[in-house]
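# Chains, contacts and geometry: an overview
This is what each chain is made of:
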Amino acid sequence: MCIRDSAPTTGPTVATTTTVAVTTTSTTIAPTTTDGATTTAATTTTTTTVPWPPALALETVADGFGQPVLVTAPPGDDRLFVVDQPGRIWILSGGEIGTFLDLRGEVRFGGEQGLLGLAFHPGYATNGRFFVNYTDGSGTTQVVEFAVSDDPDAADPGSARTILSVPQPAANHNGGMIAFGPDGHLWIGMGDGGGADDRYGNGQRPDTLLGSMLRIDIDNGDPYAIPAGQPVADDWAPQAWAIGLRNPWRFSFDGTDLYIGDVGQNQWEEIDLVATGTTGLNFGWPTMEGTNCFSPASGCDQEGLTLPVIEYPHSEGCSVTGGYVYRGSAIPELAGWYVYADYCRGEIHTFNPATGEDVNWAGELGVPGRITSFGIDGSGEIYVTVIDGAVLRLERG
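Residues numbered from 1 in each chain as written. Predicted model: local features only at pLDDT ≥ 70, side-chain atom pairs only at ≥ 80, totals over all residues. Heavy atoms only, no water.

If you look at the biggest cluster of nonpolar residues, it comprises 69 residues, and the most contacted ones within it are Phe 100, Leu 118, Phe 130, Val 132, Phe 251 and Phe 374. Not counting the four nearest positions on each side in its chain, Phe 100 is found in contact with Phe 81, Ile 89, Trp 90, Ile 91, Tyr 124, Phe 130, Val 148, Pro 152, Asp 153, Ala 154 and Ala 155. (Core = buried A, V, L, I, M, F, W, Y, C linked by side-chain atoms within 4.5 Å. Buried < 20%, exposed > 50% of the residue type's maximum accessible area, 1.4 Å probe, protein only. Contact = heavy atoms within 4.5 Å.)

Within this structure, the stated rule accounts for 14 aromatic pairs. A centroid spacing of 6.1 Å and a plane angle of 65° characterise the contact between Phe 65 and Trp 90, whose relative ring orientation is edge-to-face. Residue Phe 65 is found in the loop between β6 (56–63) and β7 (68–72), and its partner Trp 90 is found in strand β9 (residues 88–93); the two are separated by 25 residues along the sequence. Across the pair, exposure class does not vary: Phe 65 and Trp 90 are buried alike. Centroid distance Tyr 338 to Tyr 340: 5.8 Å. Interplanar angle 20°. Geometry classified as stacked. Taken individually, Tyr 338 and Tyr 340 each receive the classification buried, so the pair is uniform in this respect. An aromatic cluster of three or more residues is present, and its members are Phe 81, Phe 100, Phe 120, Tyr 124, Phe 130 and Phe 146. One cation-aromatic arrangement involves Arg 246 over Trp 285; the distance from NZ or CZ to the ring centre is 5.5 Å. The ring of Trp 249 carries Arg 250 above its face, with NZ or CZ at 4.0 Å from the centroid. (Phe/Tyr/Trp six-rings, centres within 6.5 Å; stacked < 30°, edge-to-face > 60°. Helix = DSSP H or I, 4+ residues; strand = E, 2+ residues; numbered from the N terminus. Lys NZ or Arg CZ within 6 Å of the ring centre and 35° of its normal.)

A separate point is the sheet that holds strand β25 (residues 310–313). Spatially, the 4 strands line up as an open sheet ordered β19-β20-β21-β25, and their pairing is antiparallel. The open sheet terminates on both sides in strands that have one partner only, identified here as β19 (248–254) and β25. Put simply, the sheet's adjacent strands are angled 10° from each other on average, direction ignored. Relative to strand β21 (residues 268–275), strand β20 (residues 257–262) is paired through 6 bridges, and the arrangement is antiparallel. Looking across to β21, one finds that Leu 258 is bridged to Val 274. (Pairing = 2+ DSSP bridges. Axes fitted to C-alpha atoms, helices over the stretch in contact; angles between N-to-C directions.)

Pairing is antiparallel in the open sheet, where 4 strands are placed in the order β11-β12-β13-β14. Each edge of the sheet is formed by a strand with only one pairing partner; in this case those strands are β11 (115–120) and β14 (155–166). Shown here is a sheet whose adjacent strand axes are inclined to one another by a mean of 25°, direction ignored. Alignment of β11 against strand β12 (residues 129–135), held across 5 bridges, turns out to be antiparallel. Across the sheet, residue Leu 115 finds its bridge partner in β12, namely Tyr 134.

When pLDDT is averaged along the protein chain, the result is 89, and 87% of the positions lie at 70 or above. Segment residues 16–51 is flagged for pLDDT under 50; beyond a separation of four residues in sequence, or across chains, it makes 101 contacts in the model. (pLDDT = per-residue confidence, 0-100.)

Structural data, given as structure tokens:
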């Protein structure tokens with residue numbers, strides 16, 4: 001993901017309603033999958049036109065953020081929490097915007113660095129625990145626990161407890177997403193350490209935390225424990241659940257399914273879909289870029305690799321932004337569809353994992369801007385964040 005590194009001097013504002021209605025046709029570009037004993041492969045289908053029932057709209061919820069990169073909320077909570085990459089978490093409640101937590105003094109902001117992730121503990125309503133992922137002044141990835149204060153709309157900055165520190169050899173490919181999985185554990189997406197072409201050789205190293213999906217138990221141990229079911233191999237880092245990721249820019253869970261948007265190098269973007277009950281997976285980078293050999297450029301060994309269910313070439317974008325499966329109530333026709341985008345093109349897609357259909361909504365929703373991330377509220381409705389500071393909600397047109 002390529003991003004600007006300046007923030008507006010004024011604060012965010014709640015927006016008046018702005019909608020863009022859509023029509024009801026679009027195209028499919030999704031790959032199908034074939035399963036072997038150890039490899040899941042994907043091939044692109046021929047583009048066809050399919051009918052699509054719902055009319056959709058984008059409503060601007062708030063604007064004027066520095067650089068929003070996530071919207072989230074505890075389950076059932078009617079407030080919105082906006083992660084602003086320069087270092088603040090904003091709270092939207094009752095038509096007002098306030099500061100939930102200000103970490104600008106701790107965060108290095110610029111390029112792909114900054115405040116990148118927020119995850120509320122499954123028991124947040126009673127224990128007030130939440131976790132953030134940010135780049136500190138030295139460029140190190142920090143996963144830190146905080147607690148809410150006596151004011152439910154403000155965190156206690158003095159409650160900070162470092163959970164995990166991961167040194168980064170370069171300023172890009174920080175990953176940044178954290179989320180609680182269906183197992184109740186904290187999952188952490190880590191990029192390969194940056195540079196280009198897996199410069200530091202982390203993609204296929206199971207003993208490093210870089211280029212990996214991590215999984216830790218923050219309810220036991222000090223500051224965490226290793227969950228049961230991690231790969232049982234001496235050469236794997238105990239926190240690592242999977243390897244072979246380049247830069248997982250947003251992952252999410254739908255039940256026991258895990259979706260990962262992994263940003264490509266020069267030619268292909270990809271989204272992976274796997275069951276959380278598996279472990280020890282290898283998503284292939286840098287042996288593969290998408291379903292294509294990268295290093296070496298041909299004749300690569302794909303045995304044992306988990307390949308994506310969606311890929312698209314750089315003629316159709318340049319940096320995937322992973323999203324969420326829709327489980328809200330406002331647009332029931334979208335139930336079960338995965339919503340994602342390309343950062344550079346700003347085009348929103350929906351993907352049906354049951355049929356392989358992939359719908360590009362650019363002709364109907366337009367291009368709201370460079371899409372930095374998606375998010376969901378406490379009711380499962382989907383939000384979009386764009387680099388120029390706006391937060392939008394996907395809704396019926």
